[in-house]
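Each chain is listed here by its residues.
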Amino acid sequence: QVQLVESGGGLVQAGGSLRLSCAASGNIFSINAMGWYRQAPGKQREFIAAITSGGTTNYADSVKGRFTISRDNAKNTMYLQIYSLKPEDTAVYYCNAAVITPRLYTYWGQGTQVTVSS
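What comes next is a walk through the structure. (Residues numbered from 1 in each chain as written. Predicted model: local features only at pLDDT ≥ 70, side-chain atom pairs only at ≥ 80, totals over all residues. Heavy atoms only, no water.)

To continue, consider the pattern of salt bridges. Using the criterion set out here, one finds four salt bridges in the structure. The partner of arginine 38 in a salt bridge is aspartate 89, with the nearest N and O atoms 2.9 Å apart. With arginine 38 in strand E4 (residues 30-39) and aspartate 89 in the loop between strand E8 (77-82) and strand E9 (91-100), this residue pair connects regions lying 51 residues apart in the sequence. The same class applies to arginine 38 and to aspartate 89, which are both buried. The closest approach of N and O atoms between aspartate 89 and arginine 66, which form a salt bridge, is 2.8 Å. Residue aspartate 89 is found in the loop between E8 and E9, and its partner arginine 66 is found in the loop between strand E6 (57-59) and strand E7 (67-72); the two are separated by 23 residues along the sequence. Accessibility expressed as a relative area gives 1% for aspartate 89, which makes it buried. Through salt bridges with shared partners, a single network forms among Arg38, Glu46, Arg66 and Asp89. (Salt bridge = Lys/Arg side-chain N within 4 Å of Asp/Glu carboxyl O. Helix = DSSP H or I, 4+ residues; strand = E, 2+ residues; numbered from the N terminus. Buried < 20%, exposed > 50% of the residue type's maximum accessible area, 1.4 Å probe, protein only.)

This part is about the state of the cysteines. In this structure the tally under the stated criterion is one disulfide. Disulfide partner of cysteine 22: cysteine 95, at an S-S distance of 2.0 Å. The disulfide joining cysteine 22 to cysteine 95 has a torsion of about 65° about its S-S bond and is therefore right-handed. Placement of cysteine 22 in strand E3 (residues 18-26) and of cysteine 95 in strand E9 is noted, with a sequence separation of 73 residues between them. The class for cysteine 95 is buried, based on a relative accessible area of 0%. (Disulfide = S-S within 2.5 Å.)

Here five bridges tie E9 to strand E10 (residues 104-108), and the two strands are oriented antiparallel to one another. Paired with alanine 98 across the bridge in E10 is threonine 106. Hairpin geometry of E9 and E10 is characterised by an intervening segment of three residues between the two adjacent antiparallel strands. (Pairing = 2+ DSSP bridges.)

Moving on to the side chain of asparagine 96. Structurally, asparagine 96 can be placed in strand E9. You can call asparagine 96 buried: its relative accessible area is 10%. When near neighbours in sequence (up to four residues on either side) are disregarded, asparagine 96 contacts Leu4, Ala33, Met34, Gly35, Tyr37, Met78, Thr106, Tyr107 and Trp108. (Contact = heavy atoms within 4.5 Å.)

This is the structure:
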């Protein structure tokens with residue numbers, strides 16, 4: 001059993017910053033890629049960023065320059081630093097991880113709400 005728990009969301013004013021965390025725990029042999037997604041009200045879940053175990057990153061064009069993904073492999077934790085928040089960043093942010101237990105399976109967290117006020 002593997003759990004992913006997001007934290008760090010909240011209510012912030014436009015222009016502010018947030019740092020989201022995603023901590024994986026449980027029967028983990030290793031973690032391959034990890035990623036962040038978000039889902040705004042009435043919209044489909046969208047990809048934000050991903051990071052491999054070696055630190056290679058990939059971002060959606062819509063967030064390049066304002067979002068930074070990182071991870072601490074020793075802690076099985078991933079982060080998302082968000083700068084210059086905009087009201088359109090309001091969404092539930094989810095993390096996922098490709099975990100080897102030793103079988104490979106993708107797990108999702110329960111999400112953390114980010115609300116940006118104008």
